[in-house]
Amino acid sequence: ERPEGLTPMVVAAWRGNLYVVFGNRRLWALLEFVKRHGPWNDLPVPQVRVIVHEFPFHHIQPPDTKHAFLLKALDAMSACNGGVQAMMRRR
């Protein structure tokens, strides 16, 4: 499947940074794909869909959903890498 066909990642935007809230495994897989593929040169660069929610998420309704997303976003924002690198956790 092409990257364009993947389920969109959901990110929180805050202070100029994007934090993946849903889709860390997809981000990790995409970064690995880019690392292994190398430069695209004359080929079109694959793109993925991303849903961006701007902090403080006033547009998310109902309030319970907004609160749940806020907690998940705060967890994503607690990463020490500023949203730059995705790490894969082993279970």
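Residues numbered from 1 in each chain as written. Predicted model: local features only at pLDDT ≥ 70, side-chain atom pairs only at ≥ 80, totals over all residues. Heavy atoms only, no water.

1. As for the packing of aromatic side chains
Rules: For this analysis, a ring pair means two rings from Phe, Tyr or Trp (six-membered ring only for Trp) whose centres lie within 6.5 Å, classed as stacked if their planes differ by under 30 degrees, edge-to-face if by over 60, and tilted for the remaining angles.
Counting across every chain of the model gives four aromatic pairs. Within the aromatic cluster, the residues linked to one another by ring pairs are Trp14, Phe22, Phe55, Phe57 and Phe69.

2. Remarks on the pairing of strand S1 (residues 9-14)
The two faces of the sheet receive side chains in turn, since in a regular strand these alternate between them. Note the following rule: Classification of residues uses two cut-offs on accessible area relative to the type maximum, computed with a 1.4 Å probe and protein chains only: under 20% is buried, over 50% is exposed, and between them is partly exposed. Strands here are runs of E lasting at least two residues and helices are runs of H or I lasting at least four, both read from the DSSP assignment and numbered beginning at the N terminus. DSSP calls a pair of strands paired once it identifies at least 2 bridges connecting them.
The element S1 is largely enclosed, with a buried count of five among its six residues. Two strands pair when backbone bridges link them, and S1 and strand S2 (residues 17-22) are joined in this way by five bridges, in the antiparallel orientation. Residue alanine 13 lies in a different strand from S2, and its bridge partner there is leucine 18. Hairpin remark: S1 followed by S2, antiparallel, with two residues in the connecting loop; positive phi at arginine 15, about 55°.

3. Looking at the confidence of the model for the chain
Test applied: The predictor's confidence in any single residue is recorded as pLDDT, a number from 0 to 100. In this analysis, two residues are considered to be in contact whenever any of their non-hydrogen atoms come within 4.5 Å of each other.
Averaged over every residue, the pLDDT of the chain is 84; the share at 70 or more is 85%. Ranking the helices and strands of the chain by mean pLDDT puts strand S3 (residues 50-54) first, with 95, and helix H1 (residues 24-37) last, with 87. Counting contacts from residues 86-91, a segment whose pLDDT is below 50, to residues more than four positions away or on other chains yields eight contacts.

4. Remarks on the sheet that holds S2
Applicable threshold: Angles here are taken between N-to-C directions and fall from 0 to 180 degrees, while the axes themselves are lines fitted to C-alpha atoms, restricted in helices to the stretch in contact.
Pairing in this open sheet of three strands is mixed, and the strands run S2-S1-S3 from one edge to the other. For this open sheet the edge positions go to S2 and S3, each flanked by a neighbour on one side alone. The mean angle between the axes of side-by-side strands here comes to 35°, regardless of whether they run parallel or antiparallel. Lying on the sheet, H1 is in contact with S1 and S2; it crosses S2 at an angle near 120°. Sitting on the sheet, helix H2 (residues 63-77) is in contact with S1, S2 and S3, with an inclination near 120° to S2.

5. Structural notes on the nonpolar core
The condition is simple: For the purposes of this section, nonpolar cores are sets of buried Ala, Val, Leu, Ile, Met, Phe, Trp, Tyr and Cys residues that join through side-chain atoms within 4.5 Å.
Core analysis: the biggest nonpolar cluster contains 10 residues, these being Val10, Ala12, Tyr19, Val21, Phe57, Ile60, Phe69, Ala73, Ala76 and Met77. Mapped onto this core, the elements with two or more residues apiece are S1, S2 and H2. Ranked by residue count, the leading element in this core is H2, at four residues. Those residues within four positions of valine 21 in sequence are excluded, and the remaining contacts are Val10, Val11, Ala12, Phe69, Lys72, Ala73 and Ala76.

6. Observations regarding H2
What counts is decided by this rule: What a helix is expected to span follows from its residue count: subtract one and scale by 1.5 Å. Relevant arc is that of directions from the helix axis to the C-beta atoms, nothing else.
Compared with the 21 Å implied by 1.5 Å per residue over 15 residues, the 20 Å span of H2 between its first and last C-alpha is a close match. Buried residues of H2: Phe69, Ala73, Ala76 and Met77, and no others. Taken end-on, H2 shows its buried residues confined to a sector of 90°, consistent with a single buried face. Those residues of H2 that are exposed and angled more than 90 degrees off the buried face are Pro63, Asp64 and Asp75. In the core, the buried residues of H2 are packed alongside S1, S2 and S3.

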